[in-house]
Amino acid sequence: MTAGRMPKAVGTAWGLLVLNTLGSAGAETIVPLPRSLIQMVTMGALASAFVLALAVNLRLRVRPSAFLLLLTLLLVPSVISSADLESGFGALFRCARLALFVGTLWLLSRWWDGGPGFVRHHIRMYFLVLCSVAAGLVVSPGAAMPELYGGRLVGALWPLAPPQIGQYAAVITGLSVLLLLGGRTDRRSAALVALPALVLLALTHTRTATLGLLAGLILAIGSLVLTSAAARRFFTWAVACAAVAAVGFGSVLQAWFLRGQSQENFASLTGRAKVWDALLAAPRTTSEYVFGAGLGDKSFGGLPIDNSWLAVYHEQGVFGVALVAAAVAVLGGVALLRPPSLSRACAIFLISYCAIASYTEAGLGDASPYLLHLTVAASLLAAPAATTAVPAPDVPRRRVPRWARTPEVT
């Protein structure tokens, strides 16, 4: 099966998936937006993405993918745990959303070819999201950096929390740097994306995104060091600059990293550890242990879980945890087996970032930006589609007289 040229509708469908995963919870916006209106927009975006993907792939041609197969199997514990309505009708609604989300990814898998096509769509869409954040900061600095969030940057036009903005900024920064090192973009274009994103990342004071960006780039660039002179130069300069920054601005960096928190609060990961301990200590039936309590809002006792693995354990049980772990392991294993290349480096960056962020962020078990990041990694690791050779038309042979075919004897 050939992937064919990627239609513009594929990029539009991907953008609608990004819009769907922005969520409806966050800071107060300059113009108050009812949550019901935001949910209508995000769910409408998902439905439109599915219809658009189906319209450009009417023959339902898909790429075989162990990653998407495991995501599809994740619907089993989700539906089983949600069917008893213990978590309300919202759980079944979230199951339908996850099914539509995964179905759209299957339809778009036809255009996975191991190239940077989906990487570029990913960067463009999240750059537009960050532009809206920057616009909100310019229009109303007070609303964009409220005291409620400790002066951290939030979305003032669309309700986005600091960790969301930090995640988007870190991901597109890392991908832009890798595209530059791979010669797929120029310095001006990379700087236009990466530098503003880094400024927004610094204003969010998001530690997880910062650590994910640094660790992901180290692993990704490390995979290119032996084959790319540009990667070796960048790695050398980055290490030198990091050493100078650590010596000259150590106290400033430490203050930024601590965000004014006490040692006790920092040690408990801003209170996350208390929620995790309570979740693990809560009694569970055998069904809840295996299949979970049903898809919810990734909270326990009214507090956010903020850990992908515990959120999956709570909502989809150990069966769900095994499926998510297998999906991440499949991508990581394939990335390790691929020869060094730009696509492999970008995939390693995305997988590493999601693995690191999963410790303090939820989202691996439901429709979320993290699943979109991993899907881009899967598209980068896909083998290029085989090109079917077009048979040459039969050319009628000209009849040659017998006397002309007989060799002349001299």
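Look above for the structure.
First, a word on scope: everything that follows refers to the structure included in this document. Quantities reported herein were computed from a predicted structural model and do not represent experimental measurements.

Calculation notes
- Each chain has its residues counted from 1, running along the sequence as written.
- In keeping with the model being predicted, local features are shown solely for residues with a pLDDT of at least 70 and side-chain atom pairs are shown and tallied solely at 80 or more, while totals for entire chains, interfaces and linings include all residues.
- Each side-chain value is derived from all of the structure's non-hydrogen atoms; neither hydrogens nor water enter the calculation.
- Every helix listed is a DSSP run of H or I at least four residues long, and every strand listed is a run of E at least two residues long, numbered separately from the N terminus.
- Burial classification: accessible surface area is computed with a 1.4 Å probe over protein chains only, and a residue below 20% of its type maximum counts as buried, one above 50% as exposed, and the rest as partly exposed.
- The criterion used for residue contact is that any of the two residues' heavy atoms lie within 4.5 Å.
- Here, Shrake-Rupley sampling with a 1.4 Å probe gives the accessible areas, and only protein chains in the shown set may cover a residue.
- Salt bridge, as applied in this entry: a Lys or Arg side-chain nitrogen positioned within 4 Å of an Asp or Glu carboxyl oxygen.
- Both cavities and pockets are sets of points on a 1 Å grid over the protein atoms alone; in a cavity a 1.4 Å probe fits but cannot get out, in a pocket the set is open with protein on both sides within 12 Å along at least five of seven lines, and lining residues sit with an atom within 4 Å of a point.
- Grid points are joined across faces, edges and corners, and a volume is the space filled by probe spheres set on the points.
- Classification convention: Asp, Glu, Lys, Arg as charged; Ala, Val, Leu, Ile, Met, Phe, Trp, Tyr, Cys, Pro as nonpolar; all other residues, Gly among them, as polar.
- Throughout this description, the term nonpolar core refers to a set of buried Ala, Val, Leu, Ile, Met, Phe, Trp, Tyr and Cys residues connected via side-chain atoms within 4.5 Å.
- Expected helix span is taken as 1.5 Å per residue step, with the number of steps being one fewer than the number of residues.

## Here's the deal with the overall build of the protein chain
Here is step 1: Secondary structure summary: the protein chain contains 19 helices and two strands in total.
Here is step 2: Sorting the 410 residues of the protein chain into buried and exposed places 45% on the buried side.
Here is step 3: Nonlocal contacts in the protein chain, meaning residues at least 24 apart in sequence, comprise 77% of its contacts between residues at least 6 apart.
Here is step 4: When the accessible surface of the protein chain is totalled, it reaches about 20400 Å², and 68% of it is carbon and sulfur.

## Here we look at the pattern of salt bridges
Here is step 1: All chains considered together, the criterion is met by three salt bridges.
Here is step 2: Residues Asp306 and Arg272 are paired through a salt bridge, measuring 3.4 Å at the closest nitrogen-oxygen approach. Highlighted residues: Asp306 in the loop between strand E2 (303-304) and helix H16 (308-337) and Arg272 in helix H14 (residues 272-281), separated in sequence by 34 residues.
Here is step 3: When the shortest N-O distance is used, the salt bridge between Lys298 and Glu315 registers 3.1 Å. Here Lys298 is found in the loop between helix H15 (286-291) and strand E1 (299-300), whereas its partner Glu315 is found in helix H16, with 17 residues between them in sequence. Taken as a pair, Lys298 and Glu315 share a single burial class, namely buried.
Here is step 4: Three or more residues joined by partner-sharing salt bridges are found here, namely Lys298, Glu315 and Asp366.

## Quick notes on the environment of Gly212
Here is step 1: Topologically, Gly212 is positioned in helix H10 (residues 207-222).
Here is step 2: Given the relative accessible area of 0%, Gly212 is considered buried.
Here is step 3: Each C-alpha atom of the pair Gly212 and Phe349 lies 8.8 Å from the other, and the pair is 137 residues apart in sequence.

## Brief notes about the layout of surface pockets
Here is step 1: Taken as a whole, the second largest pocket encloses approximately 1200 Å³ of empty space.
Here is step 2: As for the second largest pocket, its lining consists of 31 residues, and the residues nearest its centre are Leu198, Leu214, Leu217, Phe234 and Ala238.
Here is step 3: At the level of elements, helix H8 (162-181), helix H9 (187-204), H10, helix H11 (229-248) and helix H12 (250-258) are the ones that each hand at least two residues to the lining of the second largest pocket.
Here is step 4: If you tally residues by element for the lining of the second largest pocket, the top one is H11, at nine residues.
Here is step 5: Here the residues of the lining of the second largest pocket are counted per class, giving 27 nonpolar, two polar and two charged.

## Regarding the nonpolar core
Most often, soluble globular proteins keep nonpolar side chains buried together rather than apart.
Here is step 1: Core analysis: the biggest nonpolar cluster contains 91 residues, and Trp14 and Leu17 have the highest contact counts within it.
Here is step 2: The residues contacting Leu17, other than those within four sequence positions of it, are Leu46, Ala49, Phe101, Thr104, Leu105, Leu108 and Leu372.
Here is step 3: Counting six residues, the second-largest nonpolar core is a separate cluster that includes Trp276, Ile305, Leu310 and Tyr313.

## Quick notes on helix H5 (residues 89-108)
Here is step 1: In this model, H5 (20 residues) spans 29 Å end to end at C-alpha, consistent with the 28 Å of a helix rising 1.5 Å per residue.
Here is step 2: The complete set of buried residues in H5 reads Ala91, Cys95, Arg97, Leu98, Phe101, Val102, Gly103, Thr104, Leu105, Leu107 and Leu108.
Here is step 3: Summarising the contacts, the buried residues of H5 are in contact with helix H1 (8-20), helix H2 (35-55), helix H3 (66-73), helix H4 (75-82), helix H6 (117-139) and helix H18 (369-381).

## Examining the environment of Leu381
Here is step 1: Here Leu381 shows up in helix H18.
Here is step 2: Along the backbone, Leu381 and Gly115 are 266 residues apart, and their C-alpha atoms lie at a distance of 8.6 Å.

So yeah, pure geometry; function would need other evidence.
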